[in-house]
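Tertiary structure, described
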Amino acid sequence: MKYTVLIEKGPTSYGAYAPDLPGCGAVADTRDEVTRLIREAIDIHLEGLRRDGDPVPQPQTTAIEVHVPTADQARMPTAV
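Parameters at a glance
Residues numbered from 1 in each chain as written. Predicted model: local features only at pLDDT ≥ 70, side-chain atom pairs only at ≥ 80, totals over all residues. Heavy atoms only, no water. Helix = DSSP H or I, 4+ residues; strand = E, 2+ residues; numbered from the N terminus. Expected span 1.5 Å × (residues − 1). Buried < 20%, exposed > 50% of the residue type's maximum accessible area, 1.4 Å probe, protein only. Arc of directions from axis to C-beta. Contact = heavy atoms within 4.5 Å. Core = buried A, V, L, I, M, F, W, Y, C linked by side-chain atoms within 4.5 Å. Polar contact = N/O pair within 3.5 Å; in protein donor to acceptor, adjacent residues only side chain to side chain.

The subject of this paragraph is helix α1 (residues 31–51). Spanning 21 residues, α1 covers 30 Å between terminal C-alpha atoms, matching the ideal 30 Å at 1.5 Å per step. Buried within α1 we find V34, I38, A41, I42, L46, G48 and L49. Taken down its axis, α1 places every buried residue within 155 degrees of arc, on the same side. Turned more than 90 degrees off the buried face of α1, the exposed positions are D32, R39, D43, I44, E47, R50 and R51. Looking at the buried positions of α1, the neighbouring elements they touch are β1 (6–9), β2 (14–17) and β3 (25–28). Positive backbone phi, approximately 75 degrees, marks G53, located one or two places after α1.

Formed by 14 residues in total, the largest nonpolar core has its most connected members in Y3, L21, C24, V34, I38, I42 and L46. Those residues in contact with C24, other than ones at most four positions away along the chain, are A16, Y17, A18, I38, A41, I42 and H45.

Here T4 is to be found in the segment before β1. Taking relative accessible area as the criterion, T4 reaches 15% and is therefore assigned buried. At 2.5 Å, the side chain of T4 forms a polar contact with the backbone oxygen of T61. With sequence-adjacent residues up to four places away left out, T4 is seen in contact with Y17, A18, P19, T61, T62 and A63.

In structure tokens:
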């Protein structure tokens, strides 16, 4: 299975969570560390669900990146 994970940069740390797995998240000082920790958190979360006989949610969430021009780029003429 493949779960979507969202990573957010805060003022002093990074946070990550899996929207399809409520309560499953991680916080760390670096992006690499939070990536490692959320992988571990997902494994532990799924293991706990299975152990308790609870259903494992199927992945439903997807994500895309949308790039928008900055204010400076929006004012720049495009080449013809």
